[in-house]
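# Summary of the model geometry
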Amino acid sequence: AERITKLLEKVEIFGDDRPVTQRPVNIHDALDRARRSAQAGFASHARFVEEFDPSLPPTVGDQDQLIQVFLNLLKNAGEATPEVGGMITIRTAYRPGIRMAGPGGASVSLPLTVTITDNGPGVPEAIRRDLFEPFVTTKATGSGLGLALVSKIVADHGGVVECESDPGWTTFRVRLPVWRPGPGAATDAGA
């Protein structure tokens, strides 16, 4: 009954169409919080490597939701890495020129890039295309909602998430827009 209740709570999130809070978010702060949580729990066996671009500007959105995105990706990475020799690499970069089609056909710039790479067995070819769909999982006890939730939250933030994988490694790449303050916008980058 508890598992069903938790599953229903996760499914309810997909129906939440309220706009995302528009605040500047320091990606490195969000990643640091998620990493510390992962290191203290589900990924305590893995070695973490961080390669951060120190000049990365803030993105726009809700810090708690972005922490949840990074936690979900780190949880998958932690579960995929071997108990001995497991490694998770977190990188940030500013990549100008990355654009995607936005509302009304306008082009939206997504220069902020976060990659989380693990040295696990890789994502099976059979599910890669549907990886971000609800209820797709390779885990015996998984709900298949973690990556679907990641995809929804990232899309709600105006970004995109991608996956590349081969035997021996998997990389999830999150691309996000830069914070552009507008009239009356909140400006506390740490919130």
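This write-up is about the structure you can find in this document.

Definitions and cut-offs
- Residues numbered from 1 in each chain as written.
- Predicted model: local features only at pLDDT ≥ 70, side-chain atom pairs only at ≥ 80, totals over all residues.
- Heavy atoms only, no water.
- Helix = DSSP H or I, 4+ residues; strand = E, 2+ residues; numbered from the N terminus.
- Buried < 20%, exposed > 50% of the residue type's maximum accessible area, 1.4 Å probe, protein only.
- Contact = heavy atoms within 4.5 Å.
- Areas by Shrake-Rupley, 256 points an atom, 1.4 Å probe, with all protein chains shown as cover.
- Pairing = 2+ DSSP bridges.
- Salt bridge = Lys/Arg side-chain N within 4 Å of Asp/Glu carboxyl O.
- Core = buried A, V, L, I, M, F, W, Y, C linked by side-chain atoms within 4.5 Å.

## Digging into the overall build of the protein chain
A count of helical and extended segments in the protein chain gives five helices and nine strands. Reading the helices (α) and strands (β) of the protein chain from amino to carboxyl end gives α-β-α-β-β-α-β-β-β-β-α-α-β-β. Taking all 191 residues of the protein chain together, the buried fraction comes to 39%. Of all intrachain contacts in the protein chain linking residues separated by at least 6 positions in sequence, the fraction that spans at least 24 positions is 74%. Element-wise, carbon and sulfur atoms account for 53% of the exposed surface of the protein chain, whose accessible area totals about 10300 Å².

## Points about the pairing of strand S8 (residues 160-166)
Two strands pair when backbone bridges link them, and S8 and strand S9 (residues 169-176) are joined in this way by seven bridges, in the antiparallel orientation. Among the inter-strand pairings, Asp-166 is bridged to a residue of S9, identified as Trp-169. Taken together, S8 and the strand that follows it, S9, pair antiparallel across an intervening segment of two residues, in which Gly-168 is found at a positive phi of about 100°.

## Structural notes on the pattern of salt bridges
Evaluation of the coordinates by the stated rule reveals 10 salt bridges. Across the pair Glu-50 and Arg-35 runs a salt bridge whose closest N-O atoms are separated by 2.5 Å. Here Glu-50 is found in strand S2 (residues 47-51), whereas its partner Arg-35 is found in helix H2 (residues 27-40), with 15 residues between them in sequence. The exposure class of Arg-35 is buried, given its relative accessible area of 13%. For Glu-79, the salt bridge is made with Lys-75, and the minimal N-O distance between the two is 2.5 Å.

## Re the environment of Asp-64
Locating Asp-64 in the fold gives a position in helix H3 (residues 63-80). Overall, Asp-64 belongs to the exposed group, its relative accessible area being 58%. Distance from Asp-64 to Ala-34, taken between C-alpha atoms, is 10.0 Å for residues 30 residues apart in sequence.

## Details of the nonpolar core
In this structure, Phe-70, Ile-88 and Ile-116 are the most contacted members of the largest nonpolar core, which totals 37 residues. Of all the secondary-structure elements, those providing two or more residues to this core are H2, H3, strand S4 (87-94), strand S7 (112-118), helix H5 (146-156) and S9. For this core, the element with the most residues is H3, which contributes eight residues. Not counting residues up to four positions away in its chain, the partners in contact with Ile-88 are Ala-43, Ala-46, Arg-47, Phe-48, Val-49, Leu-74, Ala-77, Gly-78, Thr-81, Ile-116, Thr-117 and Asp-118.

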